[in-house]
Amino acid sequence: MTSIRENIEIFRRTIPQEVTLVAVSKYHTIDEINAAYEVGERDFGESRVQELQEKQPHLPSDIRWHFIGHLQRNKVKFIVPFVSLIHSVDSIRLLRTIDREANKIGKTVRCLLQVHIADEETKYGFVPEELHELLRGDDFQALENVEIVGLMGMATYTDDQEQVRAEFTQLRTLHTLLQKEYFSHQPSFCTLSMGMSQDYTIAIEEGSTMIRIGTALFGERAY
Ligand SMILES: *Cc1c(COP(=O)(O)O)cnc(C)c1O
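Here is a short report on the structure shown in this document. Along each chain, the written sequence defines residue order, and numbers are assigned to residues from 1. Predicted model: local features are reported for residues with pLDDT of at least 70 only, side-chain atom pairs are reported and counted for 80 or more only, and whole-chain, interface and lining totals are derived from all residues. Working from all heavy atoms in the structure, the side-chain values ignore hydrogens and water.

1. Considering unusual backbone geometry
Okay, step 1: At Tyr27, a position not held by glycine, the phi torsion is positive, near 70 degrees.
Okay, step 2: Along the chain, Tyr27 falls in the loop between strand 1 (20-24) and helix 2 (30-38).
Okay, step 3: Judged by relative accessible area, which is 30%, Tyr27 ranks as partly exposed. By definition, any uninterrupted DSSP run of H or I lasting at least four residues is a helix, any uninterrupted run of E lasting at least two residues is a strand, and each is numbered from the N terminus. Exposure is judged per residue with a 1.4 Å probe applied to protein chains only, and the accessible area is read against the type maximum: over 50% gives exposed, under 20% gives buried, and values in between give partly exposed.

Have a look at this one:
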């Protein structure tokens, strides 16, 4: 088996320079994260607040932490002080909570809106109509300490590559549309977080700017 270092280097060589590699370190140890850090990886993704809270103080402070899992409102305050990007915003109530907690500490928190693109009931996220409603609404206009910098989506877990491709295409098309309609004066709305270990090559072909890779870097997770 290849080492974490080698895997990181392989990804660096093979993905386009403009695509950000987020190393998804959930269920992996501090030593494993450090191994990736030592070869220059700085973007790490975690999906559980408690796990992230436990690890973060033991790791270098220049790591950019990405929160990628379902986020409960009562836990927002624990990650706001140090999180770099929240990928998984799936309701206006969550967005308001992030805004309030960020305001308390005088920070602006960068967020992605998670879109439901998969053909599965279990995946969180807005459906496109809800996004239009959100982005037109007064609640959204009132936010001061969050910056929406793009969209995140997870494709269906399937071997059907054409289905996966169609779902990523749908997300990219939506991103372009929202960019034109609501963010034409905000150039920072440019992130499209899509692609995991089993589908990142398709995601990149379909315009991903940020891939979230766990298994292909660190090996299988031991739950
Ligand atoms: C766990 C996770 C990943 C990484 O999955 P792999 O298949 O291990 O690459 C990516 N995105 C989200 C939202 C995840 O929860």
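2. Comments concerning the nonpolar core
Generally speaking, nonpolar side chains in soluble globular proteins are found buried as a group.
Okay, step 1: Of all hydrophobic cores here, the largest spans 61 residues; its most connected members are Ile86, Leu95, Ile98, Leu113 and Leu151.
Okay, step 2: By residue number, the principal contributor to this core is helix 8 (residues 161-182), which donates five residues.
Okay, step 3: A contact between two residues is defined here by any heavy atoms of the two lying within 4.5 Å. Every residue in contact with Leu95, bar those within four places of it in the chain, is listed here: Val89, Cys111, Leu113, Leu134, Phe140, Leu143, Val146 and Ile148. Throughout this description, the term nonpolar core refers to a set of buried Ala, Val, Leu, Ile, Met, Phe, Trp, Tyr and Cys residues connected via side-chain atoms within 4.5 Å.

3. Section: the pattern of salt bridges
Okay, step 1: One side-chain nitrogen of Lys or Arg within 4 Å of one carboxyl oxygen of Asp or Glu is enough to make a salt bridge. As enumerated under the stated definition, the model contains 13 salt bridges in all.
Okay, step 2: In this structure, Glu38 engages Arg5 in a salt bridge whose closest nitrogen and oxygen atoms are separated by 2.8 Å. Taken together, the positions of Glu38 in helix 2 and Arg5 in helix 1 (residues 4-14) put the pair 33 residues apart, joining distant regions of the chain.
Okay, step 3: The exposure class of Glu38 is exposed, given its relative accessible area of 54%.
Okay, step 4: Given a relative accessible area of 37%, Arg5 falls into the partly exposed group.
Okay, step 5: Connected through shared salt-bridge partners, Glu162, Arg165, Arg172, Glu205 and Glu206 make up one network.

4. Quick notes on the layout of surface pockets
Think of a ball as big as a water molecule: rolled over the atoms, this probe shows where empty space is left.
Okay, step 1: Both cavities and pockets are sets of points on a 1 Å grid over the protein atoms alone; in a cavity a 1.4 Å probe fits but cannot get out, in a pocket the set is open with protein on both sides within 12 Å along at least five of seven lines, and lining residues sit with an atom within 4 Å of a point. Grid points are joined across faces, edges and corners, and a volume is the space filled by probe spheres set on the points. Roughly 540 Å³ of volume is contained in the largest pocket.
Okay, step 2: In this structure, the largest pocket is lined by 24 residues; those nearest its centre are Lys26, Met154, Met196, Arg212 and Arg221.
Okay, step 3: Looking at the lining of the largest pocket, its residues break down into ten nonpolar, ten polar and four charged.
Okay, step 4: Its boundaries defined by the atoms lining it, the second largest pocket holds a volume of some 210 Å³. All residues other than Ala, Val, Leu, Ile, Met, Phe, Trp, Tyr, Cys, Pro, Asp, Glu, Lys and Arg, Gly among them, are scored as polar; the first ten of these are nonpolar and the last four charged.

5. Topic: the site of the ligand
Okay, step 1: The criterion for a residue being near a molecule or strand is simple. One of its heavy atoms has to lie within 4 Å of it. Near the ligand you find Val24, Lys26, Ile68, Met154, Met196, Ser197, Gln198, Arg212, Ile213, Gly214, Thr215 and Arg221, and these make up its full shell.
Okay, step 2: Definition of a polar contact: a pair of N or O atoms within 3.5 Å, with one able to donate and the other able to accept a hydrogen when the atoms are protein atoms, and with sequence-neighbouring residues admitted only if both atoms are side-chain atoms. Between the ligand and Arg212 there is a distance of 2.8 Å, counted from a nitrogen atom to a side-chain nitrogen or oxygen.
Okay, step 3: One of the side-chain N or O atoms of Arg221 is found 2.7 Å from an oxygen atom in the ligand.
Okay, step 4: Within the complex, 91% of the 390 Å² of free accessible area of the ligand lies under protein. Only the protein chains shown count as covering a residue, and every accessible area follows the Shrake-Rupley method with a 1.4 Å probe.

6. What to know about the environment of His58
Okay, step 1: Along the polypeptide, His58 turns up in the loop between helix 3 (49-55) and strand 3 (64-67).
Okay, step 2: For His58, a relative accessible area of 56% puts it in the exposed group.
Okay, step 3: Considering only alpha carbons, one finds His58 and Asn34, 24 residues apart in sequence, at a separation of 9.9 Å.

7. Side note on the environment of Met210
Okay, step 1: Here Met210 shows up in strand 8 (residues 210-213).
Okay, step 2: By relative accessible area, which is 7% here, Met210 ends up buried.
Okay, step 3: Counting along the chain gives 83 residues from Met210 to Val127, while the straight-line C-alpha distance between them is 21 Å.
Okay, step 4: Discounting chain neighbours no more than four positions away, the residues touching Met210 are Val19, Thr20, Val22, His66, Leu85, His87, Thr191, Leu192, Ser193 and Met194.

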